[in-house]
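Survey of secondary and tertiary structure
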Amino acid sequence: MSTKTDDKSFLVSFETAVLQPIQMNNKIFTKVTNISGETTIIGRKPYDIVRQSCSYYGSSFQQSVKLSKEALGNYHKLPTIIAHDYGNPCILIPTLSPKSDLNVWFSYRTIQSFHSSEEGCVVVLTNGHSVLINSSAATISRQIAFANMLNIHFHKRMSRLTNEAILISRNQLFQKDFQD
């Protein structure tokens, strides 16, 4: 595990698997686990990292929540799209209220499976690592279902954008043919 010194520059990316809060000297830090399994301690709370990442990628956390509510309804602790790249959304799933210091954020695409345990729920990542969280398997199931629906909604929106662009291009071609 490494400690990052330039904490303000850390951003969520497609390589980020989990943002876990950890307490050190009465302060909340974030243990970041990447898809590769590498972990880093960042001297900021997970919520602050998510907010800054949204801002860096051209949106805001509030706008991401608004998009999720438009797509899924007015529920609590909805998954959010932090950014997207070439039509692939980077969706983070909160296990508790996003602003809670105890909230763990998972990247939707890095969750392989999950199961109940006596202490809560174990989430198994695609890299084989397991993360024990203080939430029920039912809560995680709900969050994953919401993230899947948000992913589908996003892809439909992107498809609409692509289809409309094709229609506009096709119409411009037809108009040019009639003008010649």
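The structure this text deals with has already been given above.
Below, the structure is looked at part by part. Worth saying up front: this structure is predicted, and the values here are computed from it rather than measured.

The next subject is the pattern of salt bridges. One pass over the structure, following the stated rule, counts 2 salt bridges. A salt bridge links Lys-45 to Asp-101; the nearest nitrogen and oxygen atoms lie 3.4 Å apart. In this pair, Lys-45 is assigned in the loop between strand S4 (39–42) and helix H1 (46–56) and Asp-101 in the loop between strand S6 (88–94) and strand S7 (105–107), connecting sequence segments 56 residues apart. Classification of Lys-45 as partly exposed rests on a relative accessible area of 33%. Ionic pairing is found between Arg-51 and Asp-48, a salt bridge with its closest N-O pair at 3.8 Å. With Arg-51 and Asp-48 both in helix H1 and 3 residues apart, this pair spans about one turn of that helix. Residue classification places Arg-51 among the partly exposed positions, given a relative accessible area of 39%. Take Asp-48: its relative accessible area is 26%, and that puts it in the partly exposed class.

Attention shifts here to the sheet that holds strand S9 (residues 120–125). The strand order across the open sheet formed by 3 strands is S8-S9-S10, and the pairing between neighbours is antiparallel. Each edge of the open sheet is held by one strand with a lone partner, namely strand S8 (111–117) and strand S10 (130–133). For this sheet the average axis-to-axis angle between neighbouring strands, irrespective of direction, equals 20°. Bridge analysis of S9 against S10 gives 4 bridges, and the strand direction is antiparallel. Across the sheet, the residue bridging to Val-124 is Ser-130, located in S10.

On to unusual backbone geometry, then. Negative phi characterises most residues that are not glycine, and trans characterises most peptide bonds. Positive phi, normally seen in glycine, also occurs at Asn-25, with a value near 55°. The residue Asn-25 is located in the loop between strand S2 (16–24) and strand S3 (27–34) in this model. Residues other than glycine seldom take positive phi values, yet Asn-26 does so here, at roughly 60°. Turning to its location among the elements, Asn-26 is positioned in the loop between S2 and S3. For Asn-26, a relative accessible area of 74% corresponds to the exposed category.

Before going further, it helps to examine the environment of Leu-19. Topologically, Leu-19 is positioned in strand S2. Taking relative accessible area as the criterion, Leu-19 reaches 0% and is therefore assigned buried. Residues Leu-19 and Val-50, spaced 31 residues apart in sequence, show a C-alpha to C-alpha distance of 9.1 Å. In contact with Leu-19, other than residues within four places in its own chain, are Phe-10, Val-12, Thr-30, Lys-31, Val-32, Pro-46, Ile-49, Val-50, Leu-92, Asn-103, Val-104 and Trp-105.

Thresholds, definitions, all that
- Residues numbered from 1 in each chain as written.
- Predicted model: local features only at pLDDT ≥ 70, side-chain atom pairs only at ≥ 80, totals over all residues.
- Heavy atoms only, no water.
- Salt bridge = Lys/Arg side-chain N within 4 Å of Asp/Glu carboxyl O.
- Helix = DSSP H or I, 4+ residues; strand = E, 2+ residues; numbered from the N terminus.
- Buried < 20%, exposed > 50% of the residue type's maximum accessible area, 1.4 Å probe, protein only.
- Pairing = 2+ DSSP bridges.
- Axes fitted to C-alpha atoms, helices over the stretch in contact; angles between N-to-C directions.
- Contact = heavy atoms within 4.5 Å.

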